[in-house]
Number of protein chains: 2
Amino acid sequence: MPAYATLEELFARLSHIEQAQGMLHWDMATMMPSGGAASRARQLATLKAVHHQMLTDGKVKDLLDAATAEPLDDWQGANLREMRRDWLHAAAVPGELVEALSRACSASEMTWREARAAGDFAQVAPLLAEVLRLTREVAEIKSQALGVSPYDALLDQYEPGGSTAAIDAIFEDLGAFLPEFLGAVLARQPALPAGPAGPFPVERQKELGLRLMGRLGFEFEHGRLDISQHPFCGGTPDDVRITTRYDEADFMSSLMGVLHETGHALYERGLPVAWRHQPVGRARGMSLHESQSLLIEMQASRSRQFLAFAAPLMAEAFGRRSGGWEVETLYAINLHVKPDFIRVDADEVTYPAHVILRYRLERALIAGDLDVDGLPGAWNEGFRDLLGETPPDDRQGCLQDIHWYDGAFGYFPTYTLGAMTAAQLFDAAVKAVPDLQVAIAAGDFQPLLGWLRANVHGQASRLGTDELLIRATGRPLDAGVFKDHLRRRYLGEEAVV
Amino acid sequence: MPAYATLEELFARLSHIEQAQGMLHWDMATMMPSGGAASRARQLATLKAVHHQMLTDGKVKDLLDAATAEPLDDWQGANLREMRRDWLHAAAVPGELVEALSRACSASEMTWREARAAGDFAQVAPLLAEVLRLTREVAEIKSQALGVSPYDALLDQYEPGGSTAAIDAIFEDLGAFLPEFLGAVLARQPALPAGPAGPFPVERQKELGLRLMGRLGFEFEHGRLDISQHPFCGGTPDDVRITTRYDEADFMSSLMGVLHETGHALYERGLPVAWRHQPVGRARGMSLHESQSLLIEMQASRSRQFLAFAAPLMAEAFGRRSGGWEVETLYAINLHVKPDFIRVDADEVTYPAHVILRYRLERALIAGDLDVDGLPGAWNEGFRDLLGETPPDDRQGCLQDIHWYDGAFGYFPTYTLGAMTAAQLFDAAVKAVPDLQVAIAAGDFQPLLGWLRANVHGQASRLGTDELLIRATGRPLDAGVFKDHLRRRYLGEEAVV
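Residues numbered from 1 in each chain as written. Chains lettered and ligands numbered in written order. Predicted model: local features only at pLDDT ≥ 70, side-chain atom pairs only at ≥ 80, totals over all residues.

Visitor: Hey, could you run me through the overall build of chain A in this one?
Guide: Across its full length, chain A carries 20 helices and three strands. Expected size for 497 residues packed as a compact globule is a radius of gyration near 23 Å; at 23 Å, chain A falls within 12% of this value. Considered along the principal axes of its C-alpha atoms, chain A spans approximately 65 × 50 × 50 Å. In chain A, which comprises 497 residues, the proportion classed as buried is 45%. Taking all contacts inside chain A whose residues are at least 6 apart in sequence as the whole, residues at least 24 apart take part in 71%. (Helix = DSSP H or I, 4+ residues; strand = E, 2+ residues; numbered from the N terminus. Rg over C-alpha atoms; globule rule 2.2 N^0.38 Å. Buried ≥ 20, exposed ≤ 12 C-beta atoms within 10 Å, placed from the backbone. Contact = placed C-beta atoms within 7 Å.)

The structure is reproduced here in structure tokens:
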């Protein structure tokens with residue numbers, strides 16, 4: 001059998017194991033009783049070990065090398081490239097280091113939960129320092145294997161081909177723009193109007209969410225909506241599991257969360273069936289994934305067009321027991337800007353500042369320019385520079401996010417890269433598809449979905465993120481369209497590019 | 001590292017994979033949307049292949065042999081025996097034959113669903129013949145590996161150490177007893193009384209089921225109750241997932257199903273923690289497993305004592321909107337005997353006749369004394385002999401059960417062995433524990449559960465089924481206690497042994 005065909009068989013089996021892991025993670029977050037945790041951890045650890053062993057088996061490198069000489073078409077070639085990338089990330093790092101990091105992350109993450117609750121950074125600092133020490137070791141090794149800088153090697157785990165050179169330029173542009181822009185928005189923003197009065201029963205919220213998911217194109221024979229503490233999109237492309245949480249006093253944040261996860265789900269579901277269990281058939285990376293959720297949530301759903309369609313359905317769902325269902329009222333509520341110390345509570349305008357702060361700090365941590373003891377001070381200083389105030393404590397500062405404590409360095413920038421990519425893709429779709437926004441106002445998302453299927457979802461990992469974006473929008477990612485979008489939405493200004 | 005310790009590590013990993021498979025099966029039956037089926041089948045097939053490869057790796061036999069010479073305690077020795085049994089069943093059969101049988105079962109089972117709906121045995125007969133042909137091959141190979149007859153080798157998959165010699169004696173005894181006994185029961189049985197009037201809302205049925213599960217000792221931090229088309233007990237000992245289905249016109253059958261699965265769940269949950277991920281820590285076999293569900297359902301819950309406790313809770317659950325909640329009324333409904341062509345609808349008295357019929361037929365099929373074409377005729381003739389009537393069609397005859405079509409030969413006898421074991425264990429518990437039935441009447445199941453934990457659950461697979469039963473009840477399984485139980489319950493006769 002040709003080497004490439006042998007590799008396809010191997011990577012299909014690896015994909016089945018990844019899917020099994022995905023389902024077990026979903027179950028853990030949605031269904032599993034607490035007493036199942038220890039056994040579940042062992043199940044997942046064994047699947048991870050089996051997967052790692054299969055991927056790093058001695059013969060895989062030879063097969064990858066041999067396949068390079070075989071005649072492959074476009075998709076096959078891209079598939080081989082993705083296989084090699086998977087293999088490089090897995091094989092580069094010694095098993096003992098992987099395990100040491102995994103143990104350090106578990107310990108740090110567990111202590112972080114207590115430390116955050118207590119607002120006591122010193123409690124978790126030594127554990128975070130150990131995670132950082134091992135992560136820097138991994139970064140150094142992967143840096144050599146991939147031929148990029150240590151931070152870029154970490155970034156590549158989430159954002160294939162991502163580079164600080166590109167991100168720096170974009171974030172500098174945006175970082176320079178945001179403080180003044182925020183001031184202008186706050187200066188002219190009217191008071192938050194009174195919206196519909198609750199309570200909003202969970203059952204009704206769920207029905208409304210399911211109804212809007214269906215309108216957006218979510219296929220319920222290929223997915224579910226459930227409840228979890230932290231909303232996410234999991235499962236597999238043929239069985240997409242999204243989650244939300246409900247607050248009876250506020251239906252809008254849960255609903256926007258459902259629409260956000262639906263964006264992720266539509267991406268997974270639109271991946272090409274022909275490449276279902278192969279690396280090239282996967283979503284391209286985290287920034288493109290986040291672009292799909294934010295395109296649906298921020299670009300499409302927090303628009304007057306969407307609310308023109310959805311406001312009557314919302315009013316109907318909750319029995320119109322109060323006023324506040326006018327499109328303009330809901331629009332103002334959805335887009336209200338209010339700086340907050342907590343990232344996950346941030347609005348569209350201030351969110352990028354949170355991310356830029358974390359990006360700067362994690363780069364310094366990985367480079368060795370900042371150590372863990374200096375983190376709280378650097379955080380507070382950076383926050384003040386970007387958003388004008390100093391967090392009153394570490395709970396509202398450097399203890400708020402799980403990411404670093406769980407070893408996820410290189411992940412944060414993808415949130416804002418995703419937001420900018422969403423703006424750029426939506427802008428291109430609106431220009432390419434006649435009456436796309438008219439259709440949205442009529443509750444018809446097929447024109448938008450069709451464009452996304454062709455230009456993003458169906459491409460899976462065939463192209464690099466940059467190339468995909470150039471083909472879809474005519475240019476690589478820059479901050480321009482996103483800034484225009486913010487100016488238009490929050491200041492009512494017309495586009496300047 | 002000693003061979004035994006190496007084997008413990010291997011079998012722990014195998015157990016984690018089995019648990020992952022169990023969770024994926026549970027999800028498939030309860031949560032998975034239909035469109036996830038194809039991917040799920042691939043996930044499960046890969047986990048099965050990985051498991052098989054790990055278990056049949058060349059070095060396992062050497063380790064098993066080497067461990068025999070190492071100093072092992074009682075439990076370790078039993079664990080080694082169970083490891084060898086697992087290995088024998090997996091390694092004896094060539095991989096191609098395992099796969100061919102697996103494919104034949106999938107094809108046959110799929111066609112069976114249509115054939116049963118259409119009542120058309122001829123449609124599925126060639127596929128069943130292929131399953132039988134391959135199963136006989138497997139039986140022949142395992143017969144030589146295990147040193148028992150081909151049918152006993154199949155039986156051993158479900159009932160370790162089970163033998164036709166023992167079953168024949170027991171089933172002959174019971175088969176001779178049943179027809180006359182059934183006649184006597186039907187002759188003196190009063191008409192079915194009018195019970196409580198429905199509808200019984202699903203939510204209320206669920207609440208009642210959860211309440212009774214809790215009283216029986218089900219720990220909800222270690223398990224769940226969900227809905228599936230066919231009720232089952234799945235998951236893992238620390239995360240037991242039981243299911244039921246609801247009928248708004250009849251709460252009792254769902255509730256008794258919940259209690260039945262709770263019996264299975266209590267067994268799983270009571271397995272010794274110290275041996276959690278080892279073969280010796282598993283439930284002993286299918287007849288003992290079924291004994292635990294039937295002990296809770298048939299022996300404990302379909303009793304006057306249980307109903308004295310539960311009838312008021314039932315009435316309360318459904319708002320006492322009608323009469324029929326008297327203990328004697330519910331008791332009569334629960335124990336009404338009515339011969340039926342369908343096994344899963346059978347009552348306690350006629351159920352064994354269904355099983356004895358299938359046992360005789362599958363032995364003849366495996367022995368080559370009966371071929372697939374002769375099956376419908378043999379079925380109908382055997383049914384008439386045991387229960388006095390001839391099924392009007394194959395839908396109500398040899399097409400009704402999935403087992404053979406899915407390759408499960410050797411499974412059927414465990415149902416009735418379980419029913420008899422349940423009677424013998426419950427009888428022993430009542431004699432050993434003062435006021436056990438008084439406690440049940442007060443809704444206190446701890447005395448019963450304590451006895452089961454010590455004598456059955458906590459023993460896991462340390463002892464053979466026979467030895468476990470001798471230690472717990474003073475003698476090996478015979479039909480006597482079960483017959484006494486039936487005479488007492490259905491004819492009001494005192495025990496004759």
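From this point, the discussion proceeds with the structure in view.
Visitor: It is not clear to me how the interface of chain B and chain A should be interpreted in this structure. Could you clarify?
Guide: Accessible area lost when the parts come together is the quantity often used to give the size of an interface. Chain B puts 31 residues into the contact, and the matching count from chain A is 31 residues. Listing elements by their share of the side of chain B that touches chain A, those giving two or more residues are helix H1 (3-30), helix H2 (37-56) and strand S1 (223-227) of chain B. Sorting elements by how many residues they give to the side of chain B that touches chain A places H1(B) first, with eight residues.

Visitor: Teacher, can you tell me more about the environment of A:Leu212 here?
Guide: Residues and elements named next belong to chain A. With respect to the helices and strands, the residue Leu212 is situated in helix H9 (residues 202-216). Take Leu212: there are 23 C-beta atoms within 10 Å of it, and that puts it in the buried class. In the structure, Leu212 is positioned 145 residues away from Leu357 in sequence and 35 Å away in space, judged by C-alpha atoms. Among residues more than four places away in sequence, those in contact with Leu212 are Leu259 and Ala310.

Visitor: Help me out: how do you make sense of the relation of the copies chain B and chain A in this one?
Guide: The operation linking the two copies of the chain is a rotation about an axis combined with a translation along the axis. At an RMSD of 0.0 Å, chain B and chain A line up after a rotation of 180° and a shift of 0.0 Å along the axis. Within this description, the copies of the chain are treated as partners about a two-fold rotation axis. Take the interface residues of chain B: 100% of them recur as interface residues in chain A, which is what a same-surface contact looks like. (Least-squares fit on C-alpha atoms with pLDDT ≥ 70 in both.)

Visitor: What am I meant to see in the sheet that holds strand S3 (residues 239-244) of chain A here?
Guide: Strand pairs in the sheet, formed through backbone hydrogen bonds, run parallel or antiparallel to each other. All names here are of chain A. Across the sheet, three strands lie side by side as S1-S3-S2; this open sheet has mixed pairing. The outermost strands of the open sheet, each flanked by one partner alone, are strand S1 (223-227) and strand S2 (233-236). Each adjacent strand pair in this sheet contributes to an overall mean axis angle of 20°, direction not counted. By the bridge criterion, five bridges tie S1 to S3 in an arrangement that is parallel. Following the sheet pairing, Leu225 is matched in S3 by Ile242. Here helix H1 (residues 3-30) sits on the sheet and contacts S1, S2 and S3; the angle it forms with S2, its principal contact strand, is near 140°. (Pairing = 2+ DSSP bridges. Axes fitted to C-alpha atoms, helices over the stretch in contact; angles between N-to-C directions.)

Visitor: Could you clarify how one ought to interpret the domain arrangement of chain A in this entry?
Guide: Residue and element names in this part refer to chain A. With domains assigned, chain A is organised as domain 1 (3-92) and domain 2 (119-196 + 281-497). The gap between the C-alpha centroids of domain 1 and domain 2 is 29 Å. Looking at side-chain class alone, the side of domain 1 that touches domain 2 contains four nonpolar, one polar and two charged residues. (Domains from an automatic or database assignment. Nonpolar A, V, L, I, M, F, W, Y, C, P; charged D, E, K, R; others polar.)

Visitor: Can you walk me through the sheet that holds strand S3 (residues 239-244) of chain B in this structure?
Guide: All names here are of chain B. Pairing within the open sheet is mixed, and its three strands lie in the order S1-S3-S2. Each having just a single partner strand, S1 and strand S2 (233-236) make up the two edges of the open sheet. Averaged over all pairs of adjacent strands, the angle between their axes in this sheet comes to 20°, without regard to strand direction. Here S2 pairs with S3 via four bridges, running antiparallel. Across the sheet, the residue bridging to Cys233 is Ile242, located in S3.

Visitor: Just to check I follow, could you spell out the environment of A:Ser322 for this structure?
Guide: Residues and elements named next belong to chain A. Counting through the fold element by element, Ser322 comes out in the loop between helix H12 (304-317) and helix H13 (327-334). Note on Ser322: 13 C-beta atoms within 10 Å, which makes it partly exposed. As for Ser322 and Glu362, which are separated by 40 residues in sequence, their C-alpha atoms are 47 Å apart.

Visitor: Honestly, the pairing of S2(B) in this entry has me stumped. Any pointers?
Guide: By the alternation rule, side chains of S2(B) split into B:Cys233 and B:Gly235 and B:Gly234 and B:Thr236, which are all buried. Between the end of S2(B) and the start of S3(B), which pair antiparallel, lie two residues.

Visitor: When you look at the packing of helix H12 (residues 304-317) of chain B against helix H13 (residues 327-334) of chain B in this model, what are you seeing that I'm missing?
Guide: In a packed pair of helices, the relevant descriptors are the angle between the two axes and the axis-to-axis distance. Residues and elements named next belong to chain B. In the contact formed by H12 and H13, the axes pass within 9 Å of each other and the chain directions differ by 125°. Taken together, the axis directions place H12 and H13 in an arrangement best described as oblique. Note that H12 runs across H13; the crossing there is right-handed. Of H13, the residues touching H12 (which contributes Arg304, Leu307, Ala308 and Ala311) are Val327, Leu330 and Tyr331. When the residues that make up the contact of H12 with H13 are grouped by side-chain class, the tally is six nonpolar, no polar and one charged. (Parallel < 35°, antiparallel > 145°, perpendicular 65-115°, else oblique. Left-handed = near helix turned anticlockwise from the far one by under 90°.)

Visitor: Explain the nonpolar core here, please?
Guide: Soluble globular proteins: nonpolar side chains tend toward being buried together. With 102 residues, the main nonpolar core has A:Leu128, A:Val131, A:Ile356, A:Ala419, A:Met420, A:Ala422 and A:Leu448 as its most contacted residues. Beyond its immediate sequence surroundings of up to four residues, A:Ile356 is in contact with A:Phe171, A:Leu174, A:Gly175, A:Leu386 and A:Thr416. (Core = buried A, V, L, I, M, F, W, Y, C linked by C-beta atoms within 7 Å.)

Visitor: What's the story with H9(A) in this structure? I'm lost.
Guide: Residues that lie three or four places apart on an α-helix share one face, since the helix turns once every 3.6 residues. Residues and elements named next belong to chain A. Taking 1.5 Å per residue as the helical rise, H9 with its 15 residues ought to reach 21 Å, and the 21 Å between its terminal C-alpha atoms agrees with that figure. Listed in full, the buried residues belonging to H9 are Gln205, Leu208, Gly209, Leu212, Met213 and Leu216. In a view along the axis of H9, the buried residues occupy a sector of 135°, so they form one face of it. Those residues of H9 that are exposed and angled more than 90 degrees off the buried face are Glu203, Glu207 and Gly214. Buried-residue contacts for H9 involve S1, S3, helix H10 (251-269), helix H11 (286-301) and H12. Downstream of H9 by one or two residues, Gly217 has phi in the positive range, about 115°. (Expected span 1.5 Å × (residues − 1). Arc of directions from axis to C-beta.)

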